[in-house]
Amino acid sequence: MRTSSRSITPPTTPRAPDPVATAAGIGDRLVREVVWYRGQCNWVGVDGEAAHGAGRHCPVQRALGPELGGGTAGVALFLAQLQAATCDDVVRRTTLGAIGQALAHVDQLPTGVARGLYAGRLGIAYAAARCGLLLDEEGFLRRAARLARAAWPREPRAAAFDLVSGTAGAIVGLIALSRLLDDERLMQRAQRLGDELAKRARRHPEGWSWPSPGGRLFHGLCGISHGAAGAAWALLELFAVTGERRHRDVAERAFDYERHWFDAQEANWPDLRDVERRERRGSFRSPYPSSWCHGAPGIALTRLRAWKILGDDRYRSEATTALARTAACVERALIAHGADFTLGYGLAGSADVLLLGAQQLTDSAPERLALAQRVGEIGIGRYAATIGGWPCGVAGGLAPSLLGGHAGIGLFYLRLHQRTVPTPLLICVPAP
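Residues numbered from 1 in each chain as written. Predicted model: local features only at pLDDT ≥ 70, side-chain atom pairs only at ≥ 80, totals over all residues. Heavy atoms only, no water.

Caption draft 1: Spotlight on the overall build of the chain. Along its length, the chain carries 15 helices and 6 strands. Across the 432 residues of the chain, 58% fall into the buried class. Contacts in the chain between residues far apart in sequence, at least 24 positions, make up 68% of those at least 6 positions apart. When the accessible surface of the chain is summed, it comes to about 18500 Å², and 51% of that surface belongs to carbon and sulfur atoms. (Helix = DSSP H or I, 4+ residues; strand = E, 2+ residues; numbered from the N terminus. Buried < 20%, exposed > 50% of the residue type's maximum accessible area, 1.4 Å probe, protein only. Contact = heavy atoms within 4.5 Å. Areas by Shrake-Rupley, 256 points an atom, 1.4 Å probe, with all protein chains shown as cover.)

See the structure below:
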């Protein structure tokens, strides 16, 4: 009787998903779909920003503008951070082309958003400064400084106050740029804008808010992107730098306003954009969104900063509530395929907020960190290798942008790998 033997290969342990490889895959797609012209580059893709802003659910195809949130400056910011992680020469070249494109087309920004951070000049200057530092390109630092110091075009009286397009965003951008460029003059301009923001506030017994441009809305909004939380955060950062009590006082009155609208049953703050007449709290039903842009995740970030700067436990409590709401919404969104995965409106942004919450609050930190990592792993498993790519709120192909598209998703994965990568959702706060 003959016997034989063969070796049996022992089972291998599956490799954990690689966040850097995932970000590099997103970067590779951006590099492949870029359009070059005379040393500058751009993308034509699905505009997630326009679709979200207009409430559309169909693709909006266009070439990107220059801005940070929805344009080439934001894509360049992601690619510069990716190049720092991978040392890829093709990514470096594309980064330089993208930020060059943004700087060359600053004058295309519409009047009324010139000051803004995510939609305005200062966001482009911030991206140029970060790219200059990450790529060791002094020329972009000089161009960022010139843009930050330049006089702004004359704005209409109804120009926006908010973080995305207006005065609050300008304050945050100036604080960030004053640190990156070591320019005290920018901080002085931020102080003047802080006083201007305070003068424009609507003062109610329940707190202070700001009117929307054009006066269409009866109630000032809640939230970080277009609401009182964003203005309060900007003023708090100004207080943290200058020690001027007047900035803190206005910020706290803005937080009072949002506290008035807080719904304990929903554990969230309402979206008041569609309320077209004056209403009392509790007399109507409104949506309770959960994204960085509107709702608990963005508000959580402002309360974390308020607690860090002021040491008031009310803000710690509100941050804890907002983080718990964010985690619950993330758990629900993970059940179904196809949930928006973007930084500004979807799962990547909420997970990034949970990362920051885990870094700053020790209670429930392991659970928040584990959930953020699970978002990353599930995203890789579902979407990294698919032809359609990552869900960006609208169907139809590549959505390149930072807040509403692939660049922001890629940046989330870089932050998942290395927490010291600065988040674009809380610009001007030093990385831990």
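Moving on from the coordinates now.
Caption draft 2: Structural context of the packing of aromatic side chains. As enumerated under the stated definition, the model contains 9 aromatic pairs in all. Seen from their ring centres, Phe161 and Trp210 are 5.6 Å apart, and the 20 degrees between their planes marks the pair as stacked. Pair noted here: Phe161 is in the loop between α6 (138–149) and α7 (167–181) and Trp210 is in the loop between β6 (207–209) and α9 (228–242), with a separation of 49 residues, a long-range link. For the pair shown, Phe161 and Trp210 are each scored as buried. Aromatic pair Phe341 and Tyr383: ring centres 6.0 Å apart, planes at 70 degrees, arrangement edge-to-face. Pair noted here: Phe341 is in the loop between α12 (313–335) and α13 (347–360) and Tyr383 is in helix α14 (residues 365–383), with a separation of 42 residues, a long-range link. Note on accessibility: Phe341 and Tyr383 belong to one class, buried. (Phe/Tyr/Trp six-rings, centres within 6.5 Å; stacked < 30°, edge-to-face > 60°.)

Caption draft 3: Just α6, in detail. Its 12 residues place the ends of α6 17 Å apart at the C-alpha level, agreeing with the 16 Å of an ideal helix rising 1.5 Å per residue. Residues Phe140, Leu141, Ala144, Ala145, Leu147 and Ala148 constitute the buried set of α6. When α6 is viewed along its axis, its buried side chains cluster within an angular range of 165 degrees and face the same direction. Of the exposed residues in α6, those oriented more than 90 degrees away from the buried face are Arg142 and Arg146. (Expected span 1.5 Å × (residues − 1). Arc of directions from axis to C-beta.)

Caption draft 4: The side chain of Arg305, seen in detail. Locating Arg305 in the fold gives a position in helix α11 (residues 296–310). Judged by its relative accessible area of 11%, Arg305 is buried. In this structure Arg305 touches Trp233, Glu237, Leu426 and Val429, once residues within four positions along its chain are discounted.

Caption draft 5: Layout of the nonpolar core. Within the largest apolar cluster, 135 residues are counted, with the highest numbers of intra-cluster contacts made by Trp43, Phe78 and Ile99. For this core, the leading source of residues is α9, giving 10 residues. (Core = buried A, V, L, I, M, F, W, Y, C linked by side-chain atoms within 4.5 Å.)

Caption draft 6: Region of the structure containing the pattern of salt bridges. Tallying each qualifying case throughout the model produces 24 salt bridges. With a closest N to O distance of 3.0 Å, Arg32 and Asp28 form a salt bridge. Linking Arg32 with Asp28, this pair stays in helix α1 (residues 19–32), spanning 4 residues, or about one helical turn. Since its relative accessible area comes to 39%, Asp28 is described here as partly exposed. When the shortest N-O distance is used, the salt bridge between Asp195 and Arg246 registers 2.7 Å. Residue Asp195 is located in helix α8 (residues 184–199), and its partner Arg246 is located in helix α10 (residues 245–261); the two are separated by 51 residues in the primary sequence. (Salt bridge = Lys/Arg side-chain N within 4 Å of Asp/Glu carboxyl O.)

Caption draft 7: Inspection of unusual backbone geometry at higher detail. Phi angles above zero are rare outside glycine, and Asp182 is one such case at about 55 degrees. Relative to the helices and strands, Asp182 is located in the loop between α7 and α8. Here the phi dihedral of Cys428 falls at roughly 90 degrees; this positive angle occurs in a residue that is not glycine. By the secondary structure assignment, Cys428 is in the segment after α15 (406–417).

Caption draft 8: Structural view of the side chain of Asp183. With respect to the element layout, Asp183 can be found in the loop between α7 and α8. Side-chain polar atoms of Asp183 contact the side chain of Arg149, separated by 2.6 Å. Beyond its immediate stretch of four places on either side in the chain, Asp183 contacts Arg149 and Ser178. (Polar contact = N/O pair within 3.5 Å; in protein donor to acceptor, adjacent residues only side chain to side chain.)

Caption draft 9: Focus on the environment of Gly116. For Gly116, the location among the structural elements is in the loop between α4 (89–104) and α5 (121–135). With a relative accessible area of 0%, Gly116 lands in the buried category. For the pair formed by Gly116 and Leu163, sequence separation is 47 residues and the distance between their alpha carbons is 6.6 Å. Sequence-distant contacts of Gly116, that is, excluding residues within four places in its chain, are made with Arg121, Leu122, Gly123, Val164, Ser165 and Gly166.

Caption draft 10: Expanded view of the confidence of the model for the chain. With 87% of its residues at a pLDDT of at least 70, the chain reaches an overall mean of 89. Here residues 1–14 is modelled with pLDDT under 50, and outside its nearest four sequence neighbours on either side it reaches 0 contacts, counting other chains as well. (pLDDT = per-residue confidence, 0-100.)

Caption draft 11: The arrangement of the packing of α8 against α10 in detail. Where α8 contacts α10, the axes come no closer than 10 Å and their chain directions differ by 40 degrees. By the angle between their directions, the pair α8 and α10 is classed as oblique. Judged by the twist between their axes, the crossing of α8 over α10 is left-handed. Residue-level contacts link Gln191, Gly194, Asp195 and Ala198 of α8 to Arg246, His247 and Val250 of α10. Its residues assigned to classes, the contact of α8 with α10 shows 2 nonpolar, 3 polar and 2 charged. (Axes fitted to C-alpha atoms, helices over the stretch in contact; angles between N-to-C directions. Parallel < 35°, antiparallel > 145°, perpendicular 65-115°, else oblique. Left-handed = near helix turned anticlockwise from the far one by under 90°. Nonpolar A, V, L, I, M, F, W, Y, C, P; charged D, E, K, R; others polar.)

Caption draft 12: View of α13. With 14 residues, α13 should reach 20 Å at 1.5 Å per residue; the first-to-last C-alpha distance of 20 Å fits that figure. Counted residue by residue, α13 has 12 buried out of 14 residues, so it is predominantly covered. Within α13 the residues assigned to the buried category are Leu347, Ala348, Gly349, Ser350, Ala351, Asp352, Val353, Leu354, Leu355, Leu356, Gly357 and Ala358. Considering only its buried residues, α13 is in contact with α11, α12, α14 and α15.

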